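Examination of the molecular architecture
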Amino acid sequence: MPELTPDRLLALDRAHVWHPYGPMPGRTEPLVVRSASGVRLRLAEETHGQRELVDGMASWWSAVHGYNHPVLNAAARDQLERMSHVMFGGLTHEPAVLLATKLVEITPEPLRHVFLADSGSVSVEVAVKMCLQYWRSLGRPAKRRLLTWRGGYHGDTWQPMSVCDPEGGMHGLWSGVLPRQVFAGAPPATYEEDYADGLRALIARHADELAAVIVEPVVQGAGGMRFHPPGYLRVLREACDEHGVLLVFDEIATGFGRTGTLFAAEQAAVSPDVMCVGKALTGGYLTMAATLCTARIAEGIARGEVPVLAHGPTYMGNPLAAAVANASIGLLLGQDWQGEVKRIEAGLRDSLAEAASVPGVRDVRVLGAIGVVQLDHEVDMAAATRAAVREGVWLRPFRDLIYTMPPYVTDDEDLARIGRAVLAAAREG
Ligand code: PMP
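Remember, predicted model here, so these are calculated numbers, not experimental data.

Here we look at the overall build of the protein chain
- For the protein chain, the helix and strand inventory stands at 13 helices and 16 strands.
- For the protein chain, whose C-alpha radius of gyration is 22 Å, the value lies close to the compact-globule estimate of 22 Å for 429 residues.
- Dimensions of the protein chain, computed from the C-alpha atoms along their principal axes, are close to 65 × 55 × 45 Å.
- Expressed as a percentage of its 429 residues, the buried residues of the protein chain come to 48%.
- Taking as baseline every contact in the protein chain between residues at least 6 positions apart, the subset at least 24 positions apart corresponds to 73%.

Written as structure tokens, this is what we have:
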């Protein structure tokens, strides 16, 4: 039985707790969730006529198999009884080794080495460190800047913030303080040769100071939920090769099937030098992410004055998270995940089609298990959330976007419910 009544819990929350992207404690009104199972979140109290909500967000892209899954629960329990955590410096263990091996097997060639981190942002920090250190080791320390697209999002720690969109994005506050990076315009939704030429020219112009290009392949997520053709990834690969710049793909949101291929990079048949994965890696159970790199990067770093990758916070390689990640990947690959993502794509296309005729809706787009309704105005977040909750769905609209990336186990009836909720949010938000 819970220790706190919902009222008491909320009073303590208001007094002390700072939520992600929240104003100071006391100025948000979160819903109290007591448990979660399948695709449903169970609330402490009836809220706007609902006690259970279908999670249209999969806990920010991660809970692909749904909650309280027997296979993931068993993996966690089993590992818990052996060893929940141990330092990873100087020690190794089966869950981490199996996970690294599996990640190398399922990600594009020639990614070969894996650093297991504890969050997506940290895996991007590690990716940046790898790239900068590679060039330092080769005697090219001036190659220390990053090129990225506007409209991107790569996390909330320092280097990742520097490659989020400094204008449209969430970290504008820090522009002028963060490392100064090179920005290309956000990629258009269709392939435009002029834009591709512009990318090539920008990379050529800055090549002497660029360590790497870092982008989210195919879908720019939290920076605007934009989709772009995979052809631009080929342009980046070619230009990076031509001008001696590394290429980093941030697949933290897109990885593990979300866009219809296991990794979005596959749609371009292009391999990065460094790749970050996270979010769905543990099926949303535990916090873990990974940075993969090629042998060339590792060998380059090994030749340097400081031949180690100096990154090793306490929870790197956590065995509990690694064991669940292994189970989650096994679960995904052991089923027709591609069929399920296609089914969700068709369901979302169907259920969101009507949104196009809602006044104030500028665009409706669906790719894989991602559905987006873009408004021509800033959404009233509270009103839109309330409208979705009334339909029995948890959504988290932001800026001009109402969007969903449901668990892959969401059935057709719940997909239709999500569609109704997105529509209600678009009408009222
Ligand atoms: N990169 C991308 C593309 C993301 O979507 C996110 C998370 N929204 C991150 C990096 C950061 O990951 P985390 O929240 O686990 O730090």
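Quick look at the site of the ligand
- Around the ligand, 16 residues are found, and the nearest of them are G120, S121, G155, I252 and A253.
- Per-element accounting of the shell around the ligand gives the leading share, three residues, to helix α5 (residues 120-137).
- Tallied by class, the residues present in the shell around the ligand amount to seven nonpolar, seven polar and two charged.

Focus on the pairing of strand β16 (residues 401-404)
- Burial along β16 is two-sided: L401 and Y403 and I402 and T404, pointing in opposite directions, are all buried.
- Across four bridges, strand β14 (residues 370-375) lies against β16 in antiparallel orientation. When the bridges of β16 are listed, V373 appears paired with I402.

Describing unusual backbone geometry
- The omega torsion across E109 and P110 is 0°, close enough to zero to call that bond cis.
- When you line up the elements, P110 lands in the loop between α4 (94-106) and β4 (111-117).
- At N68, a position not held by glycine, the phi torsion is positive, near 55°.
- Assignment of secondary structure puts N68 in the loop between α2 (58-61) and α3 (70-82).
- In this model, R399 sits at a positive phi of 45°, which is unusual for a non-glycine residue.
- You can see R399 is positioned in the loop between β15 (393-394) and β16.
- The partly exposed category is assigned to R399, around which 18 C-beta atoms lie within 10 Å.

Overview of the packing of helix α12 (residues 381-390) against helix α13 (residues 412-428)
- Contact geometry for α12 and α13: axes closest at 8 Å, N-to-C directions at 150°. Between α12 and α13 the crossing geometry is right-handed. Residues A383, A384, A387, A388 and R390 of α12 touch α13, and the partners they reach there are A421, A424, A425 and E428.
- Looking at side-chain class alone, the contact of α12 with α13 contains seven nonpolar, no polar and two charged residues.

A closer look at the UniProt feature "binding site: substrate" (unreviewed entry) in the protein chain
- Taking the numbering used here, the UniProt-annotated feature "binding site: substrate" (unreviewed entry) corresponds to W60, Y153, K279, G312 and R396. Of the residues just listed, which span 337 residues, the most distant C-alpha pair is 33.2 Å apart, and they do not cluster in one region.
- Considering the arrangement of structural elements, one finds Y153 in the loop between β5 (145-149) and α6 (158-162).
- Classification of Y153 by C-beta neighbours within 10 Å gives buried; the count is 24.
- Inspection of the secondary structure puts K279 in the loop between β11 (274-277) and β12 (289-294).

Digging into the sheet that holds strand β2 (residues 40-47)
- Strand order in this open sheet of four strands is β1-β2-β3-β15, and the pairing throughout is mixed. In this open sheet, the two edge strands, each paired with only one partner strand, are β1 (33-37) and β15.
- As defined by bridge partners, β2 adjoins strand β3 (residues 50-55) across four bridges and the pair is classed as antiparallel. Bridged to R40 within β3 is V54.

Side note on the environment of P217
- Along the chain, P217 falls in the loop between β7 (210-215) and β8 (219-220).
- When the C-alpha positions of P217 and E340 are compared, they lie 21 Å apart, and in sequence the two are 123 residues distant.
- Excluding residues within four positions of it along the chain, P217 makes contact with L233, F249, E251, T254, A264, A265 and A268.

Topic: the packing of helix α11 (residues 337-352) against α13
- Between α11 and α13, the shortest axis-to-axis distance is 9 Å and the interhelical angle comes to 40°. Here α11 is positioned oblique relative to α13, judged by the angle of their axes. Crossing of α11 against α13: the hand is right-handed. Within the contact between the two elements, α11 uses I344, G347, L348, S351 and L352 and α13 uses D412, L415, A416, I418, G419 and V422.
- Here the residues of the contact of α11 with α13 are counted per class, giving seven nonpolar, three polar and one charged.

A short note on the pairing of β12
- Burial within β12 is extensive, with six of its six residues counted as buried.
- Residue alternation in β12 divides its side chains into two sets, A289, T291 and C293 and A290, L292 and T294, and both sets are buried.
- As defined by bridge partners, β4 adjoins β12 across six bridges and the pair is classed as antiparallel. Bridging across to β12, L111 finds its partner in T294.
- Two strands pair when backbone bridges link them, and β11 and β12 are joined in this way by four bridges, in the antiparallel orientation. Each residue of the ladder has a partner; that of C276, found in β12, is T291.

Quick look at α12
- Three or more residues of α12 are buried, namely A384, T385, A387, A388 and V389.
- The inward-facing, buried residues of α12 contact β2, β3, β15, β16 and α13.
- Two residues or fewer past α12, G392 is found with a positive phi of approximately 85°.

About the criteria used
Residues numbered from 1 in each chain as written. Predicted model: local features only at pLDDT ≥ 70, side-chain atom pairs only at ≥ 80, totals over all residues. Helix = DSSP H or I, 4+ residues; strand = E, 2+ residues; numbered from the N terminus. Rg over C-alpha atoms; globule rule 2.2 N^0.38 Å. Buried ≥ 20, exposed ≤ 12 C-beta atoms within 10 Å, placed from the backbone. Contact = placed C-beta atoms within 7 Å. Near = placed C-beta within 6 Å. Nonpolar A, V, L, I, M, F, W, Y, C, P; charged D, E, K, R; others polar. Pairing = 2+ DSSP bridges. Axes fitted to C-alpha atoms, helices over the stretch in contact; angles between N-to-C directions. Left-handed = near helix turned anticlockwise from the far one by under 90°. UniProt positions renumbered as here; feature names shortened; annotations may be inferred. Parallel < 35°, antiparallel > 145°, perpendicular 65-115°, else oblique.

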